[in-house]
Amino acid sequence: MRLRRLIPIVTAFVWIETASPIASADAVPTSQTSPLPTSSGSVAQAAQSTPMPDFERVVERARLEVSRGVIYDPSYVSLSYPGGDVDPSRGVCTDVVIRALRAVGIDLQRLVHEDIQKRPTAYKRNGKRADANIDHRRATPLLTWFKTYARSLPISVETEAARASYAAGDILVWSLHRNGQAEHVGVVSDRKGARGLPLVIHNIGPHPTEEDVLDAWQILGHYRAMAPTGKDSPDARSGKRQE
């Protein structure tokens, strides 16, 4: 039985219509991954169900948004760059993803901003200048970036193989109104709900939650980002020895 859930339409609408671009942080572009061959059967399925390296950091950081009781606030804020962030006590759905991926050195503020500058037509800017204060905090630019630079995975839950492809730390992009428009994002949890599907950590207001909503809305994208390695990894930048 597909989960149905009432959503705060007004809150989501206000963010989509009124928010202005925000900047990204000190991140390193993730390399684009080739699609898995459909003929490889169980090998492909095993690869799809293997989480990203250091996924624990991503999930833990996303879960921190829940424990902090971050207040849903779509206000436009001028940010530092790179690595800029709004007040840690506030944020929207995209800030859950941004903060979680920064835990493994992926700075969506910088990555999205630089990509918009390089490929403005891909983001349908229509002459608008890139804005590092807000672009990465919008679901549509994130969808465009993940499509290009992250591993794309199944967006259904109809088969066992598709359900098994959802790994902790994966990123989901939804259309709340099922109209094909990117309106919401979240992080796949390492915990499962009563239906056997992974829980999702997201912020749809008034505060972030970890709940059984993976298929509550139209899934537009299911992605697995890859953390930078070597000198660009978080541990290397902090002077820690990598395990």
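Details of the structure are given in the entry above.
A quick note: this is a predicted structure, and the numbers were derived from the prediction, not measured.

How each quantity is defined
Residues numbered from 1 in each chain as written. Predicted model: local features only at pLDDT ≥ 70, side-chain atom pairs only at ≥ 80, totals over all residues. Heavy atoms only, no water. Helix = DSSP H or I, 4+ residues; strand = E, 2+ residues; numbered from the N terminus. Buried < 20%, exposed > 50% of the residue type's maximum accessible area, 1.4 Å probe, protein only. Contact = heavy atoms within 4.5 Å. Areas by Shrake-Rupley, 256 points an atom, 1.4 Å probe, with all protein chains shown as cover. Pairing = 2+ DSSP bridges. Axes fitted to C-alpha atoms, helices over the stretch in contact; angles between N-to-C directions. Polar contact = N/O pair within 3.5 Å; in protein donor to acceptor, adjacent residues only side chain to side chain. Salt bridge = Lys/Arg side-chain N within 4 Å of Asp/Glu carboxyl O. Parallel < 35°, antiparallel > 145°, perpendicular 65-115°, else oblique. Nonpolar A, V, L, I, M, F, W, Y, C, P; charged D, E, K, R; others polar. Core = buried A, V, L, I, M, F, W, Y, C linked by side-chain atoms within 4.5 Å.

**Q** Describe in detail the overall build of the protein, supporting the description with residues and values.
**A** When helices and strands are tallied, the protein shows 8 helices and 8 strands. For the protein, the proportion of its 243 residues judged to be buried stands at 52%. A fraction of 69% describes how many contacts in the protein between residues 6 or more apart in sequence connect residues 24 or more apart. A total accessible area of about 11500 Å² is found for the protein, and carbon and sulfur atoms account for 52% of it.

**Q** Account for the sheet that holds strand β6 (residues 198-202), with residues named and values stated.
**A** Strand order in this open sheet of 6 strands is β3-β8-β4-β5-β6-β7, and the pairing throughout is antiparallel. Pairing within the sheet leaves two strands with one partner each, and these edge strands are β3 (151-152) and β7 (209-211). One ladder, built from 4 bridges, connects strand β5 (residues 184-192) with β6; its direction is antiparallel. Its bridge partner lying in β6, Lys192 is registered against Pro198. Packing against the sheet, helix α4 (residues 93-102) makes contact with β4 (171-175), β5 and β6, and its axis sits at approximately 60° to β5.

**Q** Quick rundown of the environment of Arg137? Include the residues and the values.
**A** Mapped onto the fold, Arg137 is located in the loop between α5 (108-118) and α6 (139-149). When the C-alpha positions of Arg137 and Val92 are compared, they lie 8.0 Å apart, and in sequence the two are 45 residues distant. Of note is the side chain of Arg137, whose polar atom sits 2.6 Å from the side chain of Asp95.

**Q** Quick rundown of the pairing of β5? Include the residues and the values.
**A** In this structure, β4 lies alongside β5, joined through 4 bridges in antiparallel fashion. The residue of β5 that forms the bridge with Leu172 is Gly186. Here β5 folds back onto β6 in antiparallel fashion, the turn holding 5 residues, of which Gly196 has a positive phi close to 90°.

**Q** Before we move on, could you go through the pattern of salt bridges and cite the residues and values that matter?
**A** Applying the stated rule across the entire model yields 15 salt bridges. Note that Arg99 is salt-bridged to Asp85, the shortest N-O span being 2.9 Å. Note that Arg99 is positioned in helix α4 and Asp85 in the loop between β1 (71-72) and β2 (90-91), a separation of 14 residues in sequence. Assessed through its relative accessible area of 33%, Asp85 is described here as partly exposed. Salt-bridge contacts for Arg137 lead to Asp95; the nearest nitrogen and oxygen are separated by 2.6 Å. Highlighted residues: Arg137 in the loop between α5 and α6 and Asp95 in helix α4, separated in sequence by 42 residues. One exposure class covers both Arg137 and Asp95, and it is buried.

**Q** Quick rundown of the packing of α5 against α6? Include the residues and the values.
**A** What describes two packed helices is the angle between their axes and the distance between those same axes. Remark: α5 packs on α6, axes separated minimally by 10 Å, with the N-to-C direction vectors making an angle of 85°. By the angle between their directions, the pair α5 and α6 is classed as roughly perpendicular. Of the residues in α6, those touching α5 at Leu108, Leu111, Val112 and Asp115 are Pro141, Leu142, Trp145, Phe146 and Tyr149. Partitioned by chemical class, the residues of the contact of α5 with α6 number 8 nonpolar, no polar and 1 charged.

**Q** Report on the nonpolar core, specifying residues and quantitative values.
**A** If you look at the biggest cluster of nonpolar residues, it comprises 36 residues, and the most contacted ones within it are Val97, Leu101, Ile106, Leu108, Trp145, Phe146 and Val187. Mapped by element, the contributors of at least two residues to this core are α3 (55-68), α4, α5, α6, β4, β5 and β8 (218-224). Excluding residues that lie within four positions of it along the chain, Phe146 makes contacts with Val97, Leu101, Leu108, Ile171, Tyr223 and Ala225. Judged by nonpolar contacts, the second largest core, of 14 residues, contains Val157, Tyr166, Val188 and Trp217.

**Q** Account for unusual backbone geometry, with residues named and values stated.
**A** Cis geometry marks the peptide bond from Tyr81 to Pro82; its omega dihedral reads -5°. Mapped onto the elements, Pro82 comes out in the loop between β1 and β2. Following Gly205, the chain continues into Pro206 via a peptide bond in cis, with omega recorded as -5°. Considering the arrangement of structural elements, one finds Pro206 in the loop between β6 and β7. Located in the positive-phi region is Lys124, a residue other than glycine, with phi close to 55°. Inspection of the secondary structure assignment puts Lys124 in the loop between α5 and α6. Under the relative-accessibility criterion, Lys124 is labelled exposed at 69%. Even without glycine at this site, Asn126 takes up a positive phi of about 55°. Considering the arrangement of structural elements, one finds Asn126 in the loop between α5 and α6.

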